[in-house]
Amino acid sequence: MGNALRLLYGKCCKPSTTGDSDSVGPPYTTTAPGVSALAHDLLNFEITSQVPEDLSQHVVSSRKSQVKWYGKLLQAWKEAKPPPKTPEKVARLIVETLSRHQKADVEGLLEFYGLPHPSILAEISTGVPTRLPEFVRFQGRTRLPEGVEFEMHTLPVDGNTVPDGDGLNVYVNTDDLRESSNIPRAVLMAAVRRSKARAKKNYARADELRQKIIESGYQVIDLQNEEILARKYRIRLRGIDAPEMSMPFGKEAKEELVKLVHGKCLRVLVYGEDQYGRCVADIYCNGIFVQEVMLKKGLAWHYVAYDQRVEFATVSKQQSCMFLHIIELKLVTIVFVCM
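Residues numbered from 1 in each chain as written. Predicted model: local features only at pLDDT ≥ 70, side-chain atom pairs only at ≥ 80, totals over all residues. Heavy atoms only, no water.

The protein is annotated in an unreviewed UniProt entry as TNase-like domain-containing protein of Gossypium arboreum.

Set out below in structure tokens:
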């Protein structure tokens, strides 16, 4: 561990007395045990890669996630100049370092060490834009299209949950900035209780709590041996309409959409909601514009009543001409055979 952390830990736990010839710099004492406790735990983490056993009682994320937090905090502490020595500065370091994580986890970590909730915690939790974007637009990054309300980045899509050729079910990690401050308390509590039930091998209770989480529009997803609390979104692909499953080519449209998105993380630009509560959105997958592919393959048509994009109209016109040409060829073939 860095000398600064060892020094802080030693001074917090064993305050120097004036005149002590072995002390380094002026004596440092603290009435806040949380500062020395965190210093001790970070020192222990660097040696053993272990996090405190009781921490899970205060936070909602998995042990694997907690290990990632301590790795980030250890690095942040080493890089801090000067190292934080007061409860307020330590709390601020935690909040700034873990700003992309769930608000409930950050609050739980502060509570675990008895640290104050600095003003930045309120800034992070309330300052997250509900219409993503504004800070993205003014820092030289790609400007979002006009009318986009917010942007989402999904977890890998399960193709088995795709209902048809113009709809999707997706999940977004609640560690996402936009999601973390909006998780219902009942969902957070169910997630914590489920984790405790599983630790006690009470799987029946854990399954019951998981069902409550699902009914609230969330899900606990196992991804790469880590359990992730995620929010479910139903998506309606903006600007196109695909055949219903009972209609000709309905099955083919769904299969094509599944092929495009299965197992992939999507970029979703949301324009609003439809009358069924679905997010009306443009979908991008590895740089591919999903709606455009569906149109070009003739498995969807331009939904002109709700979308006036010229590029969609152009693709639809080209597809119509192609289909007319195919029909003409078939008619000529039929006439020739009859003759």
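Description of the side chain of Asp166
Inclusion rule: Put simply, DSSP H or I for four residues or longer makes a helix, DSSP E for two residues or longer makes a strand, and each gets a number counted from the N terminus. By definition, residues are in contact when any of their heavy atoms lie within 4.5 Å.
Positionally, Asp166 belongs in the loop between strand S1 (150–153) and strand S2 (167–173). Setting aside residues up to four positions removed in sequence, Asp166 forms contacts with Ile235, Arg236, Leu237, Ile240, Asp241, Ala242 and Leu257.

Quick word on a positive patch on the surface
What counts here: To count toward a patch, a residue needs a relative accessible area over 30% and no salt bridge; like charges are then connected within 9 Å, while nonpolar side chains (Val, Leu, Ile, Met, Phe, Trp, Tyr) are connected within 5 Å. With residues, only the protein chains shown are counted as cover, and all accessible areas are computed by Shrake-Rupley using a 1.4 Å probe. Here, a salt bridge means any Lys or Arg side-chain nitrogen found within 4 Å of an Asp or Glu carboxyl oxygen. Only four residue types enter the charge count: Lys and Arg as positive, Asp and Glu as negative, with His and the chain ends excluded. Lys charges are placed at NZ, Arg charges at CZ, Asp charges at CG and Glu charges at CD.
Taken together, the side chains of Arg185, Arg193, Lys196, Lys200 and Lys212 define a basic patch exposed on the protein surface. The element that contributes the greatest number of residues to the positive patch is helix H9 (residues 185–199), accounting for three residues. The topology assignment puts Lys212 in helix H10 (residues 203–215).

Looking at the packing of aromatic side chains
To keep things clear, this is the line we draw: Only rings of Phe, Tyr and Trp enter the pairing, Trp through its six-membered ring, and a pair is recorded when the two centres are within 6.5 Å. The plane angle decides the type: under 30 degrees is stacked, over 60 is edge-to-face, the rest tilted. Burial here depends on accessible area, computed with a 1.4 Å probe over protein chains only, as a share of the maximum for the residue type. Under 20% is buried, over 50% is exposed, and the range in between is partly exposed. Working rule: Lys NZ or Arg CZ, within 6 Å of ring centre, within 35 degrees of ring normal, means a charge sits over the ring.
Summed over the entire model, instances satisfying the criterion amount to three aromatic pairs. Ring plane angle 45 degrees and centroid distance 6.0 Å describe the contact between Phe45 and Tyr70, whose orientation is recorded as tilted. One end of the pair, Phe45, is in helix H2 (residues 33–48); the other, Tyr70, is in helix H3 (residues 63–79), with 25 residues separating them in the sequence. Of the two residues, Phe45 and Tyr70, neither departs from the other in class, the shared state being buried. Considering the side-chain rings of Tyr284 and Phe289, the 4.9 Å spacing of their centres and the 15 degrees angle between planes classify their relative orientation as stacked. A residue is classified by how much of its surface remains accessible, and Tyr284, at 23% relative accessible area, is partly exposed. The aromatic ring of Tyr284 is capped on one face by Arg267, whose charged end is 5.8 Å from the ring centroid.

Regarding the pairing of strand S4 (residues 226–237)
As a reminder of what qualifies: Whether two strands pair depends on DSSP finding at least two bridges between them.
Examined bridge by bridge, S2 and S4 share seven bridges and lie antiparallel to one another. Across the sheet, the residue bridging to Tyr171 is Lys232, located in S4. One ladder, built from six bridges, connects strand S3 (residues 218–223) with S4; its direction is antiparallel. Paired with Val220 across the strands is Leu229, a residue of S4. Linking S3 back to S4 in an antiparallel pair, the connection comprises two residues, with Gln224 at a positive phi of about 55 degrees. Inspection of the sheet shows S4 paired to strand S7 (residues 279–285) by three bridges, in the parallel sense. Bridge pairing in S7 places Arg236 opposite Val280.

Some remarks on H3
For the record, the criterion: To estimate how far a helix should extend, the number of its residues minus one is multiplied by 1.5 Å.
Taking 1.5 Å of rise per residue, 17 residues should cover 24 Å, and H3 covers 25 Å from first to last C-alpha, within 8% of that figure. For H3, every residue scored as buried is listed here: Ser65, Gln66, Trp69, Tyr70, Leu73, Leu74, Ala76 and Trp77.

Structural notes on the pattern of salt bridges
One pass over the full model with this rule turns up 18 salt bridges. With a shortest N-O distance of 3.3 Å, Glu226 and Lys68 are connected by a salt bridge. Here the residue Glu226 occupies a position in strand S4, and Lys68 occupies one in helix H3, the gap between them amounting to 158 residues. Of the charged contacts, one joins Arg236 and Asp166 as a salt bridge, the two residues approaching to 3.8 Å between their closest N and O atoms. Separated by 70 residues along the polypeptide, Arg236 in strand S4 and Asp166 in the loop between S1 and S2 bring together distant segments of the chain. As far as the burial class goes, Arg236 and Asp166 line up, both buried. Sharing partners across several salt bridges, the network here consists of Asp166, Arg236 and Asp241.

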